[in-house]
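Survey of secondary and tertiary structure
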Amino acid sequence: MIDAGELRRRTAELLAAYPPATTDRLDFLRARFDAGLAWVHYPEGFGGLGAPRSLQAVVDEELAAAGAPDNDPRRIGIGLGMAAPTVLRYGTDEQKARFLRPLWTGEEVWCQLFSEPGAGSDLAALGTRAVRDGEDWVVDGQKVWTSSAHLARWAILIARTDPDAPKHAGITYFICDMTDPGVEVRPLRQITGEAEFNEVFLTGVRIPDRHRLGEVGDGWRVAQTTLMNERVSIGGMRLPREGGMIGPVAKTWRERPGLRTHDLHQRLLKLWVEAEVSRLTAERLRQQLNAGQPGYEGSGMKLAFARLNQEISGLEVELRGEEGLLYDDWTMRRPELVDFTGRDAGYRYLRSKGNSIEGGTSEVLLNIVAERVLGLPAEPRTDKDVPWKDLAR
């Protein structure tokens, strides 16, 4: 059993063999992965040591104190938070060996090809088709709201492989090569002026069967691992006190007393407390993850994340008065990472509007919490057992 002392010893050996001050950043990250210190709870040979997840903090603290580089987790968040757990759980050893190392080091960026123009909230209604052709699958369709598709080397993709089966049963999960000539990425400009999202058109894209995750027709079950991890990564991120959206508005309140009113004070106090409760609840959720896979509680955290961001950013705009209506730059740009709290108050207000859509709409997450956390009766679903090809569209 590997304990904290053993991890400190192995970290010291890594630092001695690859001094951060004189070692190329990528070389250091590769060596860290090979030493099993990337994510210590992963199996040996795949970036980990089979240690308890809670001990990752021991390694991270030692490396941070030594000035070691990190893997820029915000830039590769989809790979780290969504693709990697799914590959680990459902991938073959060959798939794990091929994809996990460059994913963790950031050499290969990942994106998610799930939502479609006609299958967003009702994701299982997706219509992108994958047809078997020998050892390959030929994929045709359209995906939308794809963060970082313009940067991605690989994508996690779900497609319909059996239109005669009910919608949840006829889906298969694939890893798609974003450099395939049949993949076209187009920017989607958002209300912020940026285009961090994209729409992706798939035309005759050939995916080898060796890049399938899970069994044919079992893609919905595989996708649940991705979705649950996505909601934890969005709503359960580790923050310091006054981290996230509450930080800028609290800073403005302290530095500019002339903007204060009694009503704004009461509202800010309420939201500050709720943000702190949410932060501590996220910490508890991460501790629960030490015992296994994330549960549906992540849906509740993502719900709170969206509501708080929208309420706090609205309060910030109101606090700033006329200044809050200003916007710094409408230039169309394609950022390399999603930044919920960056730029000015106007940006934060507009960007937060997407928080209740991305990663599962708040309406769908309310149903998940009601049914799978609280145990309330499920809503009637008349289309559950109907073949997908017979559904009204």
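Figured I'd write up the structure that's included with this text. (Residues numbered from 1 in each chain as written. Predicted model: local features only at pLDDT ≥ 70, side-chain atom pairs only at ≥ 80, totals over all residues. Heavy atoms only, no water.)

Turning our eyes to something else, we now look at the pattern of salt bridges. Scanning the model with the defined rule gives 42 salt bridges in all. The closest approach of N and O atoms between R186 and E184, which form a salt bridge, is 2.9 Å. For R186, a relative accessible area of 36% translates into the label partly exposed. Overlapping salt bridges bring together E194, D328, D329, R333 and R343 as one network. (Salt bridge = Lys/Arg side-chain N within 4 Å of Asp/Glu carboxyl O. Buried < 20%, exposed > 50% of the residue type's maximum accessible area, 1.4 Å probe, protein only.)

The next point concerns the packing of aromatic side chains. In this structure the tally under the stated criterion is 9 aromatic pairs. A ring pair is formed by W110 and W154, whose centres lie 6.4 Å apart and whose planes are at 35 degrees; its orientation type is tilted. Taken together, the residues span a long stretch of sequence, with W110 in strand β1 (residues 110–113) and W154 in strand β4 (residues 154–160) at a distance of 44 residues. Residues W110 and W154 agree in their burial class; the two are buried. Members of the aromatic cluster, connected to one another through ring pairs, are F99, W110 and W154. For the cation-ring pair, R186 lies above F201, with the distance from its terminal atom to the ring centre recorded as 4.1 Å. (Phe/Tyr/Trp six-rings, centres within 6.5 Å; stacked < 30°, edge-to-face > 60°. Helix = DSSP H or I, 4+ residues; strand = E, 2+ residues; numbered from the N terminus. Lys NZ or Arg CZ within 6 Å of the ring centre and 35° of its normal.)

So, about the side chain of E358. Turning to its location among the elements, E358 is positioned in the loop between α10 (345–351) and α11 (362–373). A polar atom in the side chain of E358 sits 2.9 Å from the side chain of R351. For E358, the residues in contact, after removing those within four places along its chain, are F197, K302, F340 and R351. (Polar contact = N/O pair within 3.5 Å; in protein donor to acceptor, adjacent residues only side chain to side chain. Contact = heavy atoms within 4.5 Å.)

Another aspect to go through is the pairing of β4. Among the 7 residues that make up β4, 7 are buried, leaving the element largely enclosed by the rest of the structure. Alternating positions in β4 separate into two faces, W154, I156, I158 and R160 on one and A155, L157 and A159 on the other, with burial throughout. Here β1 pairs with β4 via 4 bridges, running parallel. Bridge pairing links C111 to A155 in β4. (Pairing = 2+ DSSP bridges.)

If you look at the biggest cluster of nonpolar residues, it comprises 36 residues, and the most contacted ones within it are W39, L100, W110, F114, I158 and Y173. Mapped by element, the contributors of at least two residues to this core are α2 (25–34), α4 (77–90), α5 (93–105), β4, β5 (171–177) and α6 (219–235). For this core, the element with the most residues is α4, which contributes 7 residues. If we ignore the near neighbours within four places in the chain, the residues touching W39 are F33, F46, G47, G48, Q56, L80, A84, L100, L103 and W104. One finds L113, A152, V183 and I207 within the second-largest nonpolar core, a separate group that totals 18 residues. (Core = buried A, V, L, I, M, F, W, Y, C linked by side-chain atoms within 4.5 Å.)

This part covers helix α1 (residues 4–17). One turn of an α-helix holds 3.6 residues; hence residues three or four places apart share an orientation. Look at α1: 20 Å from first C-alpha to last across 14 residues, which is about the 20 Å you get at 1.5 Å a residue. Of all the residues in α1, the buried ones are L7, T11, L14 and L15. The arc that holds every buried residue of α1, seen down its axis, measures 95 degrees, which confines them to one face. Facing away from the buried surface of α1 by more than 90 degrees, the exposed residues are A16 and A17. Elements that come into contact with the buried residues of α1 comprise α2 and α3 (56–65). The residue sitting at the N-terminus of α1 and contributing the capping side-chain oxygen is D3; that oxygen lies 3.3 Å from the backbone nitrogen of G5. (Expected span 1.5 Å × (residues − 1). Arc of directions from axis to C-beta.)

With that settled, consider helix α9 (residues 297–320). With 24 residues, α9 should reach 34 Å at 1.5 Å per residue; the first-to-last C-alpha distance of 35 Å fits that figure. When you tally the buried positions in α9, you get 17 out of 24 residues, the bulk of the element. Phi turns positive one or two residues past the end of α9, at G321, with a value near 65 degrees.

Interpretation in functional terms is not warranted from these geometric data alone.
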